[in-house]
Each structure stands twice: as C-alpha cells, then as structure tokens.
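# Descriptive analysis of the structure
This is what each chain is made of:
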Amino acid sequence: MFTYVKLYNYRSLNNVFFNLKETKDKIKKLVAVYGENGCGKSNLIRSFYFLERLMHSFDIEQNEIELTEFLNEKGKNNIPPFFFEIFRKNTVSNIYINSRTVDCEDSTRIEFGFEIEGHEGYYIIEFKETISYEKLYYFTGNQNGLIFEIEKDLIKEPKFAPLIFKTNKIKKELKDLILKYWGRHSMLAITFDMLKKLNQEYMKENISPYLFDFHNMISETSVDLKEGNGGAMISSSKHINFISNLEKGDISIENEWLLDNTEKIINDFFTQTYSDIKKVFFKTEKEEKRIKYHLMFYKNINDKIRLIPVEQESTGTRQILNILRNLFGVFCGCTVIIDEVDNGVHDLLLKVIIESMKDYITGQLIFTTHNTSLLESLDPKMVYIINGNYDGTKEIICLSDYKIQDHNSPRVRYMKGLYGGIPFVDSVDYLEIISKLKDDNCEFKE
C-alpha cells in the first residue's frame with residue numbers, strides 16, 4: 001500500500017505532499033479526494049499511472065518500434081490523423097515529457113512512500129527529458145536500507161545493497177544493462193524486464209526477492225484514469241476470483257468456475273441495489289476449450305420482464321460495472337485508484353456502494369469525486385481537498401486537519417466553501433456572448 005506521494009514540478013502540481021498515513025503505524029485504506037474542476041485531481045491519479053508506465057517502458061518502446069515500422073510501410077498519407085495522436089502519446093520519451101510542468105526549467109521529482117508486508121520504503125525518480133536520479137529504499141533482508149541508487153554523473157558506479165546480489169556475475173550483468181539503457185529507461189524498468197526474460201530459478205539463485213517487491217506492488221495496483229473522452233485503464237495482475245472483462249469475452253473452459261463466481265457476485269450486487277433488475281447472468285457458448293460469454297440483464301420494464309444485453313444498458317449501469325471490476329481488488333489486498341469514481345453514477349447509489357464496502361477493504365482504495373453525499377458518511381480523516389492558492393500553487397489538505405466539531409456537517413461546510421476546493425464564479429453574461437455572436441456575422445435566429 002502507498003503511504004505518501006510527493007510531487008515536484010509534476011504537471012500542474014509543483015510542490016505537493018499527499019500523506020496517506022493515519023498514524024505512524026497505520027495506513028489509510030480508503031481515501032476520497034475533492035476539489036474544483038482543473039485543480040489537479042486527475043494529475044494526482046495520473047502520477048500513479050506514470051509509475052506503471054515507467055516500469056513497462058521496454059514494452060512501450062517495442063510498441064513504438066512496431067508502430068514506426070507500420071507507419072513506414074503504409075505511408076503517412078494513408079493513416080488517419082487520430083492514429084498519429086495515439087502514436088505520439090505512446091512513446092517512451094513522452095513518459096517524461098508529458099509528466100513535466102509546462103515551461104519549467106527545473107527537474108521533475110516524484111517520490112512514492114509504500115509499505116509491503118510490514119516493511120516501509122520509498123522510491124524516488126528525478127528527470128527532465130531523461131532520468132537524472134533514481135533511488136529505491138526498502139527492506140534489504142536484515143533491516144531497512146538502500147536497495148539501489150543511481151545518479152547521472154555517477155552512472156558507472158551505481159550503489160546496491162550488499163545482500164541483493166548473491167553472485168558477482170548477475171551484478172555485472174545488471175551494471176552493463178544500466179550503462180546501456182539507464183536514462184531513457186529506469187532501473188525499475190531494467191530490473192522488471194530482466195525479471196520477465198531470465199529463468200526464474202536463475203533469478204532466485206542470484207538475486208534477493210526484496211529487489212522485486214516494489215515491482216509486484218505496482219503490478220498489483222489498478223488505476224482507472226480518465227483521458228479525454230475515453231480512458232486509460234490499467235488492471236491489476238494479482239489473481240482474484242473474478243474475470244477482468246465483465247461485459248463480454250471468452251475464457252478457458254478450465255476457468256468456468258471463475259465465470260460462475262463472477263456471475264454470482266454481479267447478480268447479488270445488482271439485484272440488491274436496483275429494484276427493476278431481477279437477474280444478471282452470463283449467456284455462454286462453448287467452443288472447443290474456450291467459453292464465450294455475454295452479460296445479460298433480466299429487467300422489469302413497463303410491467304414486463306425483458307432480456308437486455310449489457311451493451312443496451314445505460315451509461316450509469318455500465319459505469320457501475322467498471323467500478324465493480326476495480327473495487328473487487330480492494331477486498332483481496334490490491335490497491336485500487338480511480339479518477340472520477342462518480343462519473344455517470346447517481347450520488348446516493350455511490351454512497352451506498354462506498355458505505356457498504358469500507359469495512360471490508362483489505363487493500364487500499366483511493367479515488368477522486370465530486371459527490372458531496374459521501375461527506376455525510378466518510379470519516380474526515382479519509383477525505384482530502386486539493387486547494388489552489390492565488391499564486392497558482394496547490395496543496396492537499398486532510399479534512400481532519402480542520403478540527404471539525406461533532407455538531408458541524410462537513411458537507412454543508414464544504415459547500416459553503418469553508419474548506420476550499422469549490423469554484424467561486426460570477427454569473428455568466430450570456431447577453432454579451434449573444435451580442436458577440438451577432439457582431440461576428442454568425443447565423444442567428446431570435
């Protein structure tokens with residue numbers, strides 16, 4: 001689980017500290033982040049997404065190579081413009097460039113605090129167009145200490161924990177990889193790529209498992225990030241007893257039990273929370289060793305039970321499915337991070353979902369929201385507000401820091417602007433806008 005995040009010159013967040021500790025020895029398992037539009041909530045969530053992309057930069061680079069070959073083969077004039085935008089966003093260089101504060105000469109520095117099986121640590125990375133500094137501090141086998149530290153000017157002499165490498169051979173191999181790749185790729189990515197490519201028995205014999213604990217934590221983190229009209233989705237890789245695609249797909253026949261288990265969970269949830277939904281099930285078709293499945297709803301519409309495929313369901317219902325897909329992970333020890341958890345979901349329904357699940361979380365849930373109904377039921381220590389100062393800087397403040405009295409309503413006080421994080425705007429002069437439209441000779445009818 002994450003214990004804190006520090007961001008310096010990261011997009012619109014130029015010096016913020018996001019503390020996720022309740023006490024010295026206790027981490028907050030549920031956190032809701034509020035703030036007005038454009039205050040940096042999505043950028044806060046995006047910093048976790050950055051961490052996952054950083055670790056997978058070799059895969060991103062391989063996709064970049066394949067896309068370049070495809071573009072050269074087809075010719076740029078034969079490729080739709082939107083394809084170039086996708087290509088532009090999915091390059092290794094953009095991992096760093098798109099994470100920088102605009103028009104800033106100083107380096108971007110990101111620090112994640114974390115705890116894994118009772119051992120605390122932190123990870124730091126500093127960069128501009130390429131990486132200049134990287135450090136992982138964590139449990140080394142006997143005590144907490146430095147796992148690795150690399151500086152641009154001292155790249156030939158990276159620092160490692162003495163107990164991490166069991167042979168000099170693997171240490172030399174890693175040093176060679178650092179000299180070859182580090183700067184464009186992080187140490188996090190280099191060791192992750194090594195973990196994928198080398199024989200597992202060889203790895204166990206030569207490298208301490210503590211080097212890879214942070215990698216595993218990232219892999220077990222699910223981030224749902226809204227990007228424009230679509231969304232960037234990273235799914236947890238930890239094995240949990242439900243399928244990842246809840247709407248339709250196929251699954252091996254050996255995992256039919258997984259399909260049945262998922263169906264039961266979804267059916268129980270929707271029949272309890274929606275009065276018009278009578279049953280939810282997977283319509284299945286077996287083909288050789290695979291099972292094709294398609295989610296269906298029996299709903300009461302105009303006093304008649306009708307069969308509705310999931311793609312004909314409302315945006316809100318499908319968003320609930322998306323939320324459920326993520327939320328299941330927090331019951332199994334995973335970290336789940338969601339941007340705009342309330343997107344398309346009724347305030348009261350979301351309140352019921354969060355209230356009913358908060359006592360069963362074994363992992364960690366962090367989300368941004370505008371749903372003020374939740375303020376009535378969430379403990380103030382679970383609530384954070386991003387405030388923008390007059391000089392453009394941002395700060396993340398926990399609601400419990402305001403020393404709220406029992407008789408005060410956090411929701412009412414928040415809506416009055418007593419905690420910040422809400423917009424204060426004058427009324428819009430539409431007459432002036434209409435006048436400008438007429439002056440610009442736009443076609444207009446009274």
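Computed from a predicted model, the values in this text were never measured in an experiment.

What counts, and where the lines are drawn
Residues numbered from 1 in each chain as written. Predicted model: local features only at pLDDT ≥ 70, side-chain atom pairs only at ≥ 80, totals over all residues. Heavy atoms only, no water. Helix = DSSP H or I, 4+ residues; strand = E, 2+ residues; numbered from the N terminus. Buried < 20%, exposed > 50% of the residue type's maximum accessible area, 1.4 Å probe, protein only. Contact = heavy atoms within 4.5 Å. 1 Å grid on protein atoms, 1.4 Å probe; cavity = no way out; pocket = protein on both sides within 12 Å on 5 of 7 lines; lining within 4 Å. Points joined across faces, edges and corners; volume = space filled by probe spheres on them. Nonpolar A, V, L, I, M, F, W, Y, C, P; charged D, E, K, R; others polar. Axes fitted to C-alpha atoms, helices over the stretch in contact; angles between N-to-C directions. Parallel < 35°, antiparallel > 145°, perpendicular 65-115°, else oblique. Phe/Tyr/Trp six-rings, centres within 6.5 Å; stacked < 30°, edge-to-face > 60°. Lys NZ or Arg CZ within 6 Å of the ring centre and 35° of its normal. Pairing = 2+ DSSP bridges. Core = buried A, V, L, I, M, F, W, Y, C linked by side-chain atoms within 4.5 Å.

## Focus: the overall build of the chain
Looking only at helices and strands, one finds 13 helices and 20 strands in the chain. Seen through its principal axes, the chain has C-alpha atoms that stretch 75 × 65 × 60 Å. In the chain, buried positions account for 47% of the 446 residues. Counting only contacts in the chain whose residues sit at least 6 apart along the sequence, the fraction spanning at least 24 positions is 58%.

## Overview of empty space enclosed by the protein
Under the counting rule described, the total for this entry stands at three cavities of 30 Å³ or more. Taken as a whole, the second largest cavity spans an internal volume of roughly 40 Å³. Considering the residues around the second largest cavity, the lining is formed by E149, I150, E151, L154, E157, P158 and K159. Ranked by the residues each element gives to the lining of the second largest cavity, the list is headed by strand β9 (residues 144-151), at three residues. In terms of residue class, the lining of the second largest cavity is built from three nonpolar, no polar and four charged.

## Description of the side chain of T317
Here T317 is to be found in helix α10 (residues 315-327). Residue contacts for T317: discarding those within four places in its chain leaves F270, Y274 and F297.

## Let's talk about unusual backbone geometry
Positive phi is not limited to glycine here, since N9 has a value of about 55°. Note on placement: N9 falls in strand β1 (residues 2-10). Although it is not a glycine, E117 sits at a positive phi angle of roughly 50°. Examined against the element boundaries, E117 turns out to sit in the loop between β6 (108-116) and β7 (119-127).

## Some words on the packing of helix α1 (residues 41-55) against helix α6 (residues 187-197)
Here α1 crosses α6 at 50°, and the two axes come no closer than 7 Å. One way to sum up the angle between α1 and α6 is to call them oblique. Note on element contacts: α6 touches α1 through L188, A189 and F192, opposite L51, L54 and M55. Partitioning the contact of α1 with α6 into residue classes produces six nonpolar, no polar and no charged.

## Focus: the packing of aromatic side chains
Applying the stated rule across the entire model yields 22 aromatic pairs. Here F160 and F165 contribute two aromatic rings whose centre-to-centre distance is 5.0 Å and whose plane-to-plane angle is 90°, an arrangement assigned as edge-to-face. Taken as a pair, F160 and F165 share a single burial class, namely buried. Residues Y402 and Y419 carry aromatic rings whose centres are separated by 4.7 Å and whose planes lie at 50° to one another, so their mutual orientation is tilted. Taken as a pair, Y402 in the loop between β20 (394-398) and α12 (410-415) and Y419 in the loop between α12 and α13 (430-439) lie far apart in primary sequence, 17 residues in all. Aromatic rings pair up to connect Y10, F50, Y96 and F127 into one cluster. Across the ring face of F17, the terminal group of K6 is positioned such that the distance to the ring centre comes to 5.6 Å.

## Quick word on the side chain of N371
If you trace the backbone, N371 turns up in the loop between β18 (364-368) and β19 (383-388). Under the relative-accessibility criterion, N371 is labelled buried at 0%. Beyond its immediate stretch of four places on either side in the chain, N371 contacts Y34, D342, D347, L350 and K351.

## Considering the pairing of strand β2 (residues 13-19)
Sheet topology note: the β1/β2 ladder contains six bridges and is antiparallel. Considered in β2, the bridge of L7 is made with V16. Connecting β1 to the antiparallel partner β2 that follows it, the hairpin turn spans two residues, and R11 within it adopts a positive phi of roughly 50°.

## Some thoughts on the environment of L67
One can find L67 in helix α2 (residues 57-74). Distance from L67 to N90, taken between C-alpha atoms, is 9.8 Å for residues 23 residues apart in sequence.

## Examining the nonpolar core
Counting 68 residues, the largest nonpolar core has F18, Y123, I207 and F214 as the members making the most contacts within it. In terms of residue count, the dominant contributor to this core is α1 (eight residues). With residues near it in sequence (within four places) discarded, F214 still touches L51, F114, I116, Y123, L136 and L188. With 50 residues, the next largest nonpolar core counts Y274, V280, L365 and L375 among its residues.

## As for the pairing of strand β8 (residues 131-139)
Most of β8 is tucked away, with seven of its nine residues classed as buried. In this sheet, β8 lies alongside β7 in antiparallel orientation, the contact comprising six bridges. Its bridge partner being in β8, I124 is matched across the sheet by K135. If you look at the hairpin formed by β7 and β8, you'll find three residues sitting between the two strands. Where β8 lies against β9, seven bridges are found, and the strand directions are antiparallel. Paired with L136 across the two strands is F148, which belongs to β9. The loop that links β8 with its antiparallel partner β9 comprises four residues; one of these, G141, has a positive phi angle of about 125°.

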